[in-house]
2 protein chains.
Amino acid sequence: MKKLEERILKDGIVRSGNVLKVDSFINHQMDMELFEEMAKEWKRLFAGKPINKILTIEASGIGIAAIVAKEFGVPVVFAKKSMSINLDYDNYCTQIQSFTHGKVYDVIVSRKFLGPEDHVLIIDDFLANGCALLGLLNLVNVAGAVVEGIGVAVEKGFQKGGDMIREKGIQLESLAIVESMDEENGTIIFREQ
Amino acid sequence: MKKLEERILKDGIVRSGNVLKVDSFINHQMDMELFEEMAKEWKRLFAGKPINKILTIEASGIGIAAIVAKEFGVPVVFAKKSMSINLDYDNYCTQIQSFTHGKVYDVIVSRKFLGPEDHVLIIDDFLANGCALLGLLNLVNVAGAVVEGIGVAVEKGFQKGGDMIREKGIQLESLAIVESMDEENGTIIFREQ
């Protein structure tokens, strides 16, 4: 999506360790006009799919997911992170390794809000190694729901997450795929889509 | 707001310890149609105020704040919780006591996204003892920004948070104020507004 790529070039900041900061418009301060255009693009890309629920994970996915849900006219469910083992039988639970924080989280969704009747579009802000999305896919599978697709704002194409998900045959729509970044001069190269 | 009160009566669940669960439409699964009507109501209640930014705190405030920001045509900034002491000079930091989890959190907002030029509407899903909102007020004060008002979905009127905020002379608009709840028979009484 041209507009997102342009915004990343304008306001994204490349830091050491292949870190791309987009906190001025995506994951700390959030630009609703941009989110609306992203939501419209996903509506186009997933047209015809019987999506009845948006699934995301706290915290930075929630803002985008809310605007997407509004565009699709369906509710959002956000998976909750928990550092404690949750044995509540009312929840589906999976574990996610966070590379950013070097921890393993339990991630839960209430059984009330995900089940075999659901056709789910998963939304998140970032895709790098794919741990968070694989955790969400696992929750959807355990719930017996159907994954209709995954929408990601920014994919780091040089990490393995995107390929792992595409190999599963899931429709993954990343609105910007960063092929490479250069910390020295701040350049960012996107994959042609 | 009648529609929110009716929804709480229909789908809210009263639990022991004065717990009101609204997780099927507000803070786990989120109903975007309801959020839009809430956003329109706050737009009406805060009409004429020079609001240029919505501030909330992760995680469950973000969904509502995103829809409110869209209605107002301004960005959202969400404060981030951190269990570790954050000495980054680029952030404003305050501490919030969580009664739900029995912990003290550091809560941070980047200095880049809050400053003396900002006229802020604070949005959150719940107001009980007021700790989270007082923390956000503190962040806004430290940043030298102006609080134009606070919008809360559900206030527990029998806890002290609402009074503490109103005593500061801040315009607080809670769309539903629960005056009392009865766990035995599940009844909920709202304050007349």
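See the structure shown above.
Here goes a summary of the coordinates provided. (Residues numbered from 1 in each chain as written. Chains lettered and ligands numbered in written order. Predicted model: local features only at pLDDT ≥ 70, side-chain atom pairs only at ≥ 80, totals over all residues. Heavy atoms only, no water.)

## Notes on the interface of chain B and chain A
Each partner contributes residues to the interface: chain B has 30 residues there, and chain A has 30 residues. Regarding the contact of chain B and chain A, the summed buried area is about 2,500 Å², with carbon and sulfur atoms giving 66% of it. Its largest share of buried area at the contact with chain A, chain B owes to His28, Gln29 and Lys70 of chain B, together 26% of the area lost on that side. For the pair chain B and chain A, the number of links is 4 salt bridges. (Contact = heavy atoms within 4.5 Å. Buried area = accessible area lost by both parts, 1.4 Å probe. Salt bridge = Lys/Arg side-chain N within 4 Å of Asp/Glu carboxyl O.)

## Side note on helix H3 (residues 61-72) of chain B
Residue and element names in this part refer to chain B. End to end, H3 covers 16 Å across 12 residues, agreeing with the expected 16 Å (1.5 Å per residue, within 8%). In terms of burial, H3 is largely enclosed, as 10 of its 12 residues are buried. Every buried residue of H3 is listed here: Gly61, Ile62, Gly63, Ile64, Ala65, Ala66, Ile67, Val68, Ala69 and Phe72. Just past H3, the residue Gly73 takes up positive phi, approximately 70°. (Helix = DSSP H or I, 4+ residues; strand = E, 2+ residues; numbered from the N terminus. Expected span 1.5 Å × (residues − 1). Buried < 20%, exposed > 50% of the residue type's maximum accessible area, 1.4 Å probe, protein only.)

## Observations regarding the side chain of Asp23 of chain A
Tracing the chain through its elements places Asp23 of chain A in the loop between strand S2 (19-21) and strand S3 (29-30). On the accessibility criterion, Asp23 of chain A (10% relative accessible area) is buried. A polar contact is formed between the side chain of Asp23 of chain A and the side chain of Lys21 of chain A, at a distance of 3.5 Å. Residue contacts for Asp23 of chain A: discarding those within four places in its chain leaves His28 and Gln29 of chain A together with Lys112 and Phe113 of chain B. (Polar contact = N/O pair within 3.5 Å; in protein donor to acceptor, adjacent residues only side chain to side chain.)

## A word on the nonpolar core
Soluble globular proteins: nonpolar side chains tend toward being buried together. Grouped together as the largest cluster of nonpolar side chains are 80 residues, with contacts concentrated most on Leu4, Met38 and Ile54 of chain A together with Leu4, Met38 and Ile54 of chain B. Those residues in contact with Ile54 of chain B that sit more than four places away from it in its chain are Ala65, Val68, Ala69, Val74, Pro75, Val76, Val77, Leu121 and Ile123 of chain B. (Core = buried A, V, L, I, M, F, W, Y, C linked by side-chain atoms within 4.5 Å.)

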